Amino acid sequence: MKIAVASGKGGTGKTTVATNMAYVASCNGRSVAYVDCDVEEPNGHIFLKPQFDSTAPVGTLIPKVDESKCTHCGQCGEICQYSAIVSAGETVLIFPELCHGCGGCSLVCPAEAITEVLHETGKVQVGSAGPIGFVHGLLNVGQAISPPVIKAVKTATPLADVMIVDAPPGTSCPVIESVRGCDFVLLVTEPTPFGLNDLKLAVEMIRELKLPFGVVINRYDLGDRETLLYCQRKGIGILAEIPDDRSIAEAYSRGEMICEVLPKYRQVFESLLGKIESRVS
Amino acid sequence: MKELVVISGKGGTGKTSIVASFAALAEKAVLADCDVDAADLHLVLDPKIVERGKFSGGSRARIQSGHCTACGKCEEICRFDAIYFDGPGNGKVAKTYRIDPIGCEGCGVCAWFCEENAIKFAPVVNGEWFISDTRCGPMVHAALGVAEENSGKLVSLVRTEAKRVAENRKLDLILIDGSPGIGCPVIASIAGADLVLVVTEPTLSGLHDLQRVADLTKHFGIVTLVCINKWDLNPDIASQIETQAFQHDLKVSGRVRYDHAVTEAQIKRLSVVEYASDGIVSEIKELWSNVRARLNAEKGQAGNGDFPTRDSRRFGKGD
């Protein structure tokens, strides 16, 4: 079972929910993997404190031109939709940071002058946090395109009974890459106008992907009732409500697991996981 | 004209609430919401749209099932796992190939190599942008279509339009609300800007993410200030952030307390400085005064970069 934890708005508690669900899932003997797909700003390691067994560079396959074979026909520049390869007179210019790695240029080149080489845009680290398998990725600072790193994180994930994917905030390509192929998406929100607006965007996105989903309302007693009413109106299941408890915020600030330092909340995550499991099966 | 970009690394640290307050404090500013895939500034500023345009970030491929001979070439060469063998049949074959529009990266390689010319490849509209009037001045904003990509291009478009508005209306500050992270939309929002303010929070996650976002602004050579929002949630980590900021050559321009007034203001669709009147307001005003002073000290792209504000307080202690 693959569960993605996402949100439109940032800072609603994705990582808190994802790490604590991984924790409670690992307590009853099943194999669990926590997969941090927020490769721009990964934080899961702060809470699960994994030991890494391996680190591998990942990235995009970019073209490399053998000038001795190149006939300067310009077809590579024509097929490229991203202006990442440009044939200019007697030379071919390559812009690695614009390349999406589609391979079109090497396929189209009639002189077979183009091969592909890895352009490192990030790295993937695999390890474990006690009984929990742990994988995360780090986009290199200055690189713009994160989906290939996210894809590599997912590929590197060991098989497990329960896989929990911690997605980045937002609703565009990095989120879509993270939640693709998951069995269930959990949207974490907070009951404020910003939280609700971004939840609506996230719901539209998940509906477009045709994935089953449910909502967690974090700090449910903080704002107004609009988020609750929206979910009721749209028939969206609210699978957990977490109170606005300063001791949770303080534990979070120190990088502590809620289930460990505030055991009264364990039951919230156990019940949440149980509800998702019954919906998936 | 100068561009100030407010970003955070970590999401949910309070960027938009800070920007909304700055919008109320700054005069003669254009507001630009560059968090195009989860825009929220409009919820506070209640924009009245006066101009709008469609955004096309690229093209997308679509198989015309009537022409498909199910040769499988497209699926074989697609690097994005976007092609499935589950399209409708036609007179020639029982099943055809189909492109998942969400998985399609818009590279066009399938269309180029399809021997039957069965694949259409054409520009698509994947967002919309707006110029609006608000009680705090003109605002440029956008909405990326559902499950769309190329948010970086849309961010660049918003910035270009904001510059045009600033020139036309003779305004000399563009106040940009950025997005979380360090990837494509963030890079598009900060590249070439005059000043970045990073809004962080006193948590280990906030500290970790601040380091990455500070490396990013350094990479692009942009002067960077830091605001520690909700600082009293963990004063020890707030101090750690100040130490780290100092080591990274970043200036901490203000601390803002944790206050329920931020949420209450949001519910009333007001900025914090419009809604509240006590401690947190003076902290935000002091932050703005420090940021404004730093902006004045930066060499602008045009003119002397001198823009008046309603708050004429002294040069703050953070700078």
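Residues numbered from 1 in each chain as written. Chains lettered and ligands numbered in written order. Predicted model: local features only at pLDDT ≥ 70, side-chain atom pairs only at ≥ 80, totals over all residues.

Some words on the overall build of chain B
Argument step 1. If you tally the helices and strands in chain B, you get 11 helices and 13 strands.
Argument step 2. Considered along the principal axes of its C-alpha atoms, chain B spans approximately 80 × 45 × 40 Å.
Argument step 3. Pairs at least 24 apart in sequence give 75% of the contacts found in chain B among residues at least 6 apart. (Helix = DSSP H or I, 4+ residues; strand = E, 2+ residues; numbered from the N terminus. Contact = placed C-beta atoms within 7 Å.)

A closer look at the pairing of strand E8 (residues 162-166) of chain A
All names here are of chain A.
Argument step 1. Burial within E8 is extensive, with five of its five residues counted as buried.
Argument step 2. Every second residue of E8 is oriented toward a common face, with Val162, Ile164 and Asp166 on one face and Met163 and Val165 on the other, all of them buried.
Argument step 3. Pairing analysis gives four bridges linking strand E1 (residues 2-6) to E8, with the strands arranged parallel. The residue bridging Val5 from the neighbouring strand is Asp166, located in E8. (Buried ≥ 20, exposed ≤ 12 C-beta atoms within 10 Å, placed from the backbone. Pairing = 2+ DSSP bridges.)

Structural notes on the environment of Thr69 of chain B
All names here are of chain B.
Argument step 1. Following the sequence through the fold, Thr69 ends up in the loop between strand E4 (58-63) and helix H3 (73-77).
Argument step 2. Judged by C-beta crowding, with 15 C-beta atoms within 10 Å, Thr69 ranks as partly exposed.
Argument step 3. With 45 residues separating them along the chain, Thr69 and Cys114 place their C-alpha atoms 10.0 Å apart.
Argument step 4. With near-sequence residues (within four places) excluded, Thr69 lies in contact with Lys92, Val93 and Glu116.

Here's the deal with the environment of Leu154 of chain B
Residue and element names in this part refer to chain B.
Argument step 1. Note that Leu154 resides in helix H5 (residues 151-168).
Argument step 2. Under the C-beta neighbour-count criterion, Leu154 is labelled buried, with 28 such atoms within 10 Å.
Argument step 3. Along the backbone, Leu154 and Asp35 are 119 residues apart, and their C-alpha atoms lie at a distance of 9.8 Å.
Argument step 4. Not counting chain neighbours up to four residues away, the residues in contact with Leu154 comprise Val36, Phe55, Gly57, Gly127, Ala142 and Leu144.

Quick notes on the nonpolar core
As a rule of thumb, soluble globular proteins bury nonpolar side chains together.
Argument step 1. Among the nonpolar cores identified, the biggest contains 159 residues, and Val5, Ile164 and Leu186 of chain A together with Ala23, Val158 and Leu175 of chain B are the most heavily contacted of them.
Argument step 2. Ignoring sequence-local partners within four residues, the contact set of Val5 of chain A consists of Lys14, Val17, Ala18, Ile164, Val165, Asp166, Ala167, Leu186 and Val188 of chain A.
Argument step 3. Val65 of chain A together with Ile83, Cys110 and Ile119 of chain B belong to the second largest nonpolar core, which has 33 residues in total. (Core = buried A, V, L, I, M, F, W, Y, C linked by C-beta atoms within 7 Å.)

Comments concerning the sheet that holds strand E13 (residues 251-256) of chain B
Residues and elements named next belong to chain B.
Argument step 1. Taken together, nine strands build an open sheet; the order of strands is E3-E8-E9-E2-E10-E1-E11-E12-E13 and the sheet is mixed. Since the sheet does not close on itself, it has two edges, and those belong to strand E3 (48-55) and E13, each with one partner. Averaged over all pairs of adjacent strands, the angle between strand axes in this sheet comes to 20°, irrespective of strand direction.
Argument step 2. On top of the sheet, helix H1 (residues 15-25) reaches strand E1 (2-7), strand E2 (29-33), strand E10 (173-177), strand E11 (195-200) and strand E12 (223-229); it is set at about 160° to E10, its chief contact.
Argument step 3. Most of the contacts of helix H7 (residues 204-219) go to E11, to which it runs at about 170°, and overall it touches E1, E11 and E12. (Axes fitted to C-alpha atoms, helices over the stretch in contact; angles between N-to-C directions.)

Notes on the pairing of E13 of chain B
Residues and elements named next belong to chain B.
Argument step 1. Burial of E13 is extensive: five of the six residues sit out of reach of the surface.
Argument step 2. Note that E12 and E13 share five bridges and pair parallel. Bridge pairing in E13 places Cys227 opposite Gly254.

A word on unusual backbone geometry
Argument step 1. At Arg219 of chain A, a position not held by glycine, the phi torsion is positive, near 50°.
Argument step 2. Of note, Arg219 of chain A is situated in the loop between strand E10 (213-218) and helix H8 (226-234).
Argument step 3. C-beta crowding within 10 Å serves as the criterion here: with 21 such atoms nearby, Arg219 of chain A is assigned to the buried category.
Argument step 4. In the Ramachandran plot, Ala70 of chain B falls in the positive-phi region, its phi being about 60° despite a non-glycine side chain.
Argument step 5. Residue position: Ala70 of chain B is located in the loop between E4 and H3.

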